[in-house]
Amino acid sequence: PRTVKLALIPGDGIGPEVVAEAVKVLDAATAGSGVEFEKTHFSLGAARYLETGDVLTDDDLAAIAAHDVILLGAVGGVPGDPRLANANIERGLLLKLRFSLDHYVNLRPTVIYPGVPSPLASHGEVDFVVVREGTEGPYVGNGGAIRQGTPHEVANEVSVNTAYGVERVVRDAFARAQARRKKLTLVHKTNVLTFAGGLWKRIVDEVGATFPEVAVDYLHVDAATIFLVTDPARFDVIVTDNLFGDILTDLAGAISGGIGLAASGNINPDGTYPSMFEPVHGSAPDIAGLGKADPTAAILSAALLLEHIGLPDEAGAIREAVVADIAGRGGASRTTSQIGDAIVSALTAAAAPELTTTH
Ligand code: NAD
Ligand code: IPM
Ligand code: MN
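Keep in mind it's a predicted model, so treat the numbers as computed, not measured.

### Points about the packing of helix H5 (residues 163-179) against helix H6 (residues 194-208)
- Direction vectors running N to C along H5 and H6 enclose 45 degrees, while the axes themselves pass 9 Å from each other. Accordingly, the angle class assigned to the pair H5 and H6 is oblique. As for how H5 packs across H6, the hand of that crossing is right-handed. Judged by residue contacts, Ala163, Val166, Glu167, Val170, Arg171 and Phe174 of H5 engage Leu199, Trp200, Ile203, Val204, Val207 and Gly208 from H6.
- The class makeup of the residues in the contact of H5 with H6 is nine nonpolar, one polar and two charged.

Put into structure tokens, the structure is as follows:
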């Protein structure tokens, strides 16, 4: 048996609720696979900060980095909670993990599954993946303010784009496009952000020359939001910067049946550090503790995790179970754990016929 060290960071709000269901599904999907998870729980997030004053210590980071792979729920408190004003959980925990573990590919797939209540009336077959740069852009914290709190305040938040950082994510996106429908769309704002946009465009052209089979397209980010609503079937792989990718993927979640279905992976393709899988959504303080959270995004993130550690069949089985569950949802409202249990049942039911053929 192969042992995989899995770090679990359930986090705040609905994070622990959805991670519990994802772990159930992960265990069911890998039963009998020869892979065994050695799980460590890390209690991190706004709740931990309020208790101890710590967001993410060097020891926490080192302990997490010693794992093979990470599953995270969501972190962060109620937006605007004054007790969290100085903590900056998002930057000090989530982004610190992504940056320290060099998660330069933030992979966010979107599929409109059969039977899903998409707000789009007719959309065709929607199956695309956003490759969002994960370690640069306006997220780096390269900012500052002077004369804060005065009418003459000046605040800067500088977007950092390095040739090295852009090249490696663009190359990854091209490789994914090559393995899919061979279409790559760069999304940026080259008409205004001429320096960063110029660098992205040039690197896409350069790397694209080494992938002659991949058709390259370009959209300004504002136009991309139009096409995500009017013609999302046109997309295969979208490559974009950290902030544009953040915004586009919430929109992608909304068109594909809701943010409760949107999964993601923060990937270090080099394997130097553990990759981290998490739903795109946040801690949803408005529904936390009510059993109303849809765990599907966390469950599909667990499927991405399995694919990453080399278990594509088990990942596929989870996806099939989710597709079956979504197709049968109708209007019934179910609790978080009822959805998790139904997906586990669909998994087990799909596995059963195989067993009967063996005797
Ligand atoms: P959010 O994603 O938490 O919630 C937005 C809306 O979507 C809410 O109405 C919520 O109820 C709903 N929603 C989210 N997930 C759902 C699910 N699984 N099932 C059903 N409904 C769901 O975004 P927000 O309100 O902007 O942020 C809340 C907190 O989460 C903030 O502190 C924010 O910084 C943090 N956050 C964390 C992450 C993360 O950990 N990766 C991501 C986004 C936001
Ligand atoms: C996401 C979130 C994070 C981001 C925040 C919480 C830092 O919105 O994972 O999409 O902006 O990347
Ligand atoms: Mn986001």
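That shown, we press on.
### Observations concerning the nonpolar core
- Ranked by size, the top nonpolar core spans 95 residues in total, and within it Val25, Ala302 and Ile318 carry the most contacts.
- Sorting elements by how many residues they give to this core places helix H9 (residues 296-308) first, with nine residues.
- Each of domain 1 (1-105 + 263-359) and domain 2 (119-255) contributes no fewer than three residues to this core.
- Those residues in contact with Ile318 that lie beyond four places of it in its chain are Val25, Ala29, Ile299, Ala302, Ala303, Leu306 and Leu347.

### Here we look at the sheet that holds strand S8 (residues 183-188)
- One open sheet holds the ten strands; their spatial order is S2-S1-S3-S12-S11-S4-S5-S10-S8-S9, and the pairing between them is mixed. Two strands in the sheet have a free side with no partner beyond their single neighbour: strand S2 (35-41) and strand S9 (215-220). Across the sheet, the axes of successive neighbouring strands diverge by a mean angle of 25 degrees, strand direction being ignored.
- Here strand S1 (residues 2-11) pairs with S2 via seven bridges, running parallel. What sits directly across from Leu6, in S2, is Lys39.
- The strands touched by helix H8 (residues 242-255) within the sheet are strand S4 (105-111), strand S5 (127-133), S8 and strand S10 (237-240), with S5 carrying the most contacts at an inclination of about 150 degrees.

### Looking at the packing of helix H7 (residues 221-230) against H8
- Between H7 and H8, the shortest axis-to-axis distance is 10 Å and the interhelical angle comes to 15 degrees. For the element pair H7 / H8, the angle class is roughly parallel. Along this stretch, H7 crosses H8, giving a crossing that reads as right-handed. Facing H7, whose interface residues are Val221, Ala224, Thr225, Leu228 and Val229, H8 presents Phe244, Leu248, Leu251, Ala252 and Ile255.
- Split into classes, the residues belonging to the contact of H7 with H8 amount to nine nonpolar, one polar and no charged.

### Some thoughts on the site of ligand 1
- Lining the immediate surroundings of ligand 1 are 22 residues, of which Gly76, Gly260, His281, Gly282 and Ala284 lie closest.
- Split into classes, the residues belonging to the shell around ligand 1 amount to twelve nonpolar, six polar and four charged.

### Concerning the site of ligand 2
- Around ligand 2 sit Gly76, Glu90, Leu94, Leu95, Asp246, Val280 and Gly282, and those are all the residues in its vicinity.
- Residues of the shell around ligand 2, tallied by class, amount to three nonpolar, two polar and two charged.

### Considering the pairing of strand S3 (residues 69-74)
- Most of S3 sits inside the fold, with five of its six residues counted as buried.
- Inspection of the sheet shows S1 paired to S3 by five bridges, in the parallel sense. Bridged to Gly11 within S3 is Ala74.
- By the bridge criterion, three bridges tie S3 to strand S12 (residues 275-279) in an arrangement that is parallel. Note on S12: the bridge partner recorded for Leu71 is Phe277.

### Here's the deal with the UniProt feature "binding site: Mg(2+)" (unreviewed entry) in the protein
- Taken from the UniProt record, the annotation "binding site: Mg(2+)" (unreviewed entry) applies to Asp222, Asp246 and Asp250. Despite a sequence span of 29 residues, these residues sit close together in the fold, their greatest C-alpha distance being 14.4 Å.
- Tracing the chain through its elements places Asp250 in helix H8.
- In this structure Asp250 comes out as partly exposed when scored by C-beta crowding, with 14 C-beta atoms within 10 Å.
- The residues contacting Asp250, other than those within four sequence positions of it, are Ile259 and Val280.

### A short note on the domain arrangement of the protein
- Along its sequence, the protein is organised into domain 1 (1-105 + 263-359) and domain 2 (119-255).
- Averaged C-alpha coordinates put domain 1 and domain 2 at centres separated by 25 Å.
- Counting residues at the interface gives eleven residues for domain 1, matched by 13 residues for domain 2.
- The biggest single contributor to the side of domain 1 that touches domain 2 is helix H4 (residues 89-100), with four residues.
- The residue inventory of the side of domain 1 that touches domain 2, partitioned by class, reads six nonpolar, two polar and three charged.

### Some remarks on the confidence of the model for the protein
- When pLDDT is averaged across the protein, the result is 95; 98% of the residues are at 70 or more.
- This prediction of the complex comes with two scores: 0.96 for pTM and 0.98 for ipTM.

### Considering unusual backbone geometry
- The backbone of Arg147 sits at a positive phi, close to 50 degrees, despite the residue not being glycine.
- Assignment of secondary structure puts Arg147 in the loop between strand S6 (137-146) and strand S7 (154-160).
- Positioned with a positive phi, Lys182 is a non-glycine residue whose angle comes to about 65 degrees.
- If you trace the backbone, Lys182 turns up in the loop between H5 and S8.
- Lys182 gets classed as partly exposed once you count the C-beta atoms within 10 Å, which come to 14.

Scoring rules and cut-offs
- Residues numbered from 1 in each chain as written.
- Chains lettered and ligands numbered in written order.
- Predicted model: local features only at pLDDT ≥ 70, side-chain atom pairs only at ≥ 80, totals over all residues.
- Axes fitted to C-alpha atoms, helices over the stretch in contact; angles between N-to-C directions.
- Helix = DSSP H or I, 4+ residues; strand = E, 2+ residues; numbered from the N terminus.
- Parallel < 35°, antiparallel > 145°, perpendicular 65-115°, else oblique.
- Left-handed = near helix turned anticlockwise from the far one by under 90°.
- Contact = placed C-beta atoms within 7 Å.
- Nonpolar A, V, L, I, M, F, W, Y, C, P; charged D, E, K, R; others polar.
- Core = buried A, V, L, I, M, F, W, Y, C linked by C-beta atoms within 7 Å.
- Buried ≥ 20, exposed ≤ 12 C-beta atoms within 10 Å, placed from the backbone.
- Domains from an automatic or database assignment.
- Pairing = 2+ DSSP bridges.
- Near = placed C-beta within 6 Å.
- UniProt positions renumbered as here; feature names shortened; annotations may be inferred.
- pLDDT = per-residue confidence, 0-100.

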